[in-house]
Structure formats: C-alpha cells, structure tokens
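As a plain string of letters, each chain reads:
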Amino acid sequence: MDYKKISQEILRNIGGRENIENAAHCVTRLRLVLKDTSKFNKEALLKVEVTKGVFLNSGQLQIIFGSGVVNEVFDAFTKEAGIKEASLNDIKSAGMKKENLMKQGFKVFSDIFIPIVPAFVGAAMILGVKSVLTTAGLFGMDGALADKYEVIAGFATFLTVVASTFAFLPLLVTYSAVKRFGGNPIFGIVLGCTMLYPTLMDANVFALGKEVPQYWNLLGFSIPAVGFQGGVFPAILSSWFLARAEKFYLKIVPQMVSFIFVPALTLVSSGLALFLVFGPIGNALGTGLGTIIDFLYSSCGPFGAFIFAGALQPLVVTGTQHAIQGIEASLVAQTGFNYIQPLWSVSIIAQGGGAIGMYILAKKKSKDREIAMSSFIPTLFGISEPAIFAVNLKDSSIPFLCSILGAGLAGAYMKIFDVKAIGFALTGLPGITISNPP
C-alpha cells in the first residue's frame, strides 16, 4: 500500500499544507483542524484508497481509516505535509474555538465525563455479575444462587462494595471537572469529600421528606446540613468556581506564604460557594432537566420513549450526547435505575441495522459492503459513529433516518415492557448484563 500517495491525495483535497492548523490521530481516524473548512473536497477524499468515511464534527475534519492503518497514514501524512503531531487535546481545543458557545458547553461535559467513563463501565459490569448471582429464577432455580450458597452470597456483597462508582459519583466528577477547568484535581477530591461528608444527611433521605435535617447558620443564612449524593450539576458548577478561585488566590497571595494560604482560602471559599450558591442552583438545574426528561418518558408513554430514542443518535452527530450522561448518573445515584440506557442501546443497534441494510444493497465484494459490515460490528458493543458517518450518512440521509425510525420503535418497545438498567455507560450486548428486569 502506497501511504505516500494516499497522503498526497489527502493534502491535495484539503486545500494543501498551508490550510492545516493542527493534525493528530486517534485509534481509527485522522483528525485535522483546517484554517478554512470550505476548501476540503469530501467526495474526492472518500475515493482515496482505504478511506472508510469523512465527516466534519466539533471543528475537526475526521477521516476514518481504521485501527493500525491510521497510524501508517498519519506517519506518511506528517512527513509529506512537513508538520508535527499535535495532541488530541490541542486538536479538540483548536476545533472547539470554531464552534458556537452551546457546542463548547456540551464539549465541557464530554471532557469531564470521558476520563471517568471506565469507572462507570467497570462498576456497571460488576453490578451485572452481581445481578446474575442474586436474581431468583435464573438457571432453572426457585431462588437465586446467592440464596443457595453462602460463599456466593458473600461474594455478591463484596461486588456491591467494589462497584462503588455510583455511590461516590460527585467525588469522581469534582476530580475530573477541577482538572478540566485548570485547577488542582486534589482540591477536587477534597470538594467531592465535602459533598459526601458522613455527618451530613443523605440527599436521597432528605428528598423523601421522612427526616428533618439540622440547619446551620452560615453567614446569616439558614442552610440544611444535607449532602449532595448524585449531585452531578452541583459538582460541576462548584468545581468551576474552585478552579477560578485557586487561580485568583495564586495571583494575589504572596508567593512565600501561598503554600499555606492558597489551599485554605480555596477550600473554604469553594465550600461556601457549594452550600450557599452552586449546590442549590445545581440541584435546581438537575431537578429541572430530570423533570423534563421524566415527563417525556413517563407521562408521554411509548410516544415519549419513541421521540427520546429517535433523538439520541442525532445528538451523536452534533457531538452533544455527553450532556445526557450527567442526567443518567443522577438517575442511577438517586433511584438505582436508569431508563435512558436501554434507549441508548436500541438507538445504537438501530444504526447497526442501517449498516446491515446498506451491506445487503451494496454490490458483492465491493468496498461499500466491506465498510458496512466492519461498521456494523462496533454497534454491538455500543459504538455507532462508524455506522453513522461511514455508511448511513455517506451518500444519503435515508439510511440514517430509517435507523432513527427503527430506534424510535424500539424505544417504545422498551417503555411498554418497562425495561431499565442498574447502571450506565454500558450499552449494546454488554449492556444486557445490567438490564432490569434481568
């Protein structure tokens, strides 16, 4: 394979090396930030050898080559263009500067949640195994395996403790968010611990109204001594304030005493901001979004689920899907269940169905057929981007729209049979392990 020739064709069809602002690659895609996005020729790029798809998203021109191949293409491309490799963070930052404020806001959610998604996936998988051990009726038994064997019961309890991600969710969010906003992530951990301090009343108990909390006189305000279990939005807003406060104190506190005073001032002021301002605002924001989504799903019945499931993959196209993760996290932390996860699963699988449809329609032994099948397989494991961009939106929007229709119908089916999940971030076939009913 002549990677030099491939690189020359790419350069020729993106406006030349002088039109490149930044270049990097991920596992499957060449990612380019162009100075002028009107100069790239999508049709010509799609005809380049080994290219599986081309799309513009979040200010980046992304060319899909597949794992392994993209490394070879990128090495040849940087030599041909005479440029150095940029980091993915540089590419993302440069690309987002070209986007509007709303997309930049959604990108913040993405940057916060993506680093901690492995913790969600791991915990969800562990809870799935625990569910298998404790669910009655499996394996043709009257009760559950945990009811029959003491060793299995002990192990199931152990798994509950190990899968502590959702119990300490605000702590993970504050660590990642403070780091994203440019502050000391260790202060983020302390802020998360403050939100979950053991002597504070549990937020879920307080919400039920069965117990009355103590109240503090905090700077003249009567504040309930209640924690922020599941408080994703309070965690993000307070983390933003903490990072800004730390930078402010580093500027005004003399360097010789900054080691002592900056941490103290940062933690005290961010704690006050949490309980007096950003905690109540974040709770109201989370409650409001949850009410809207609950109305769409619960009050509108199968029709609401149809709309919700159908809308998820268009969010993926716009790169704004990560905002939903905060709501899912709140649902799991507050109720123990997540009715959005099944909708995610069927919306992704529906895009895989669209890819299979295009596989059937493509000519035998053609490149289109090969791309369609290779793009279908990731949808089984919760990844829809190859199917969307390399197949379903490649030549026409019809396959994508048909897949949205299929997702909507499947979402209505999920609602009719009241399918939920006990976690999130685990979709497709692996997501079956955390479905409820089992």
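Residues numbered from 1 in each chain as written. Predicted model: local features only at pLDDT ≥ 70, side-chain atom pairs only at ≥ 80, totals over all residues. Heavy atoms only, no water.

Caption draft 1: Just the side chain of glutamine 60, in detail. Within the secondary structure, glutamine 60 sits in strand S4 (residues 60-64). In this structure the side chain of glutamine 60 is engaged in a polar contact, spanning 3.0 Å, whose partner is the side chain of arginine 31. (Helix = DSSP H or I, 4+ residues; strand = E, 2+ residues; numbered from the N terminus. Polar contact = N/O pair within 3.5 Å; in protein donor to acceptor, adjacent residues only side chain to side chain.)

Caption draft 2: Summary view of the pairing of strand S2 (residues 29-34). The element S2 is extensively covered by neighbouring structure, given that six of its six residues are classed as buried. Going residue by residue along S2, you find Arg29, Arg31 and Val33 tucked away on one face and Leu30, Leu32 and Leu34 tucked away on the opposite face as well. Of the strand pairs in this sheet, strand S1 (residues 20-25) and S2 are connected by five bridges, and their pairing is antiparallel. Across the sheet, the residue bridging to isoleucine 20 is leucine 34, located in S2. Connecting the antiparallel pair S1 and S2 is a turn made up of three residues. Here S2 pairs with S4 via four bridges, running antiparallel. Within S4, the residue paired with arginine 31 across the bridge is glutamine 62. (Buried < 20%, exposed > 50% of the residue type's maximum accessible area, 1.4 Å probe, protein only. Pairing = 2+ DSSP bridges.)

Caption draft 3: Quick peek at helix H3 (residues 69-81). Helix length check: H3 (13 residues) gives 18 Å between terminal C-alpha atoms against 18 Å at 1.5 Å per residue, within 8%. Listed as buried for H3 are Val70, Val73, Phe74, Ala76, Phe77, Thr78, Glu80 and Ala81. Structurally, H3 contributes buried residues whose contacts are with helix H1 (3-12), S1 and S2. A positive phi of about 70° marks glycine 82, the residue just after H3. (Expected span 1.5 Å × (residues − 1). Contact = heavy atoms within 4.5 Å.)

Caption draft 4: Inspection of the packing of helix H17 (residues 367-379) against helix H18 (residues 385-392) at higher detail. Contact pair H17 / H18: the axes reach a minimum separation of 7 Å and the direction vectors enclose 160°. Relative to H18, the element H17 is oriented roughly antiparallel. As for the relative orientation of H17 and H18, their crossing is left-handed in sense. Residues Ile371, Ala372, Ser375 and Thr379 of H17 pack against Pro386, Ala387, Ala390 and Val391 of H18. Here the contact of H17 with H18 is composed, by residue class, of six nonpolar, two polar and no charged. (Axes fitted to C-alpha atoms, helices over the stretch in contact; angles between N-to-C directions. Parallel < 35°, antiparallel > 145°, perpendicular 65-115°, else oblique. Left-handed = near helix turned anticlockwise from the far one by under 90°. Nonpolar A, V, L, I, M, F, W, Y, C, P; charged D, E, K, R; others polar.)

Caption draft 5: Here's a closer look at the pattern of salt bridges. Taken as a whole, this structure holds one salt bridge when the rule is applied. Close ionic contact of lysine 420 with aspartate 418 constitutes a salt bridge, the shortest N to O distance being 2.8 Å. Judged by relative accessible area, which is 38%, aspartate 418 ranks as partly exposed. (Salt bridge = Lys/Arg side-chain N within 4 Å of Asp/Glu carboxyl O.)

Caption draft 6: Examining the environment of glycine 53 more closely. Tracing the sequence through the fold places glycine 53 in strand S3 (residues 53-57). Here the alpha-carbon distance between glycine 53 and arginine 29, two residues 24 residues apart in the chain, equals 9.1 Å. Other than its neighbours up to four places away in sequence, glycine 53 contacts Leu46, Gln62, Ile63, Ile64, Phe389 and Ala390.

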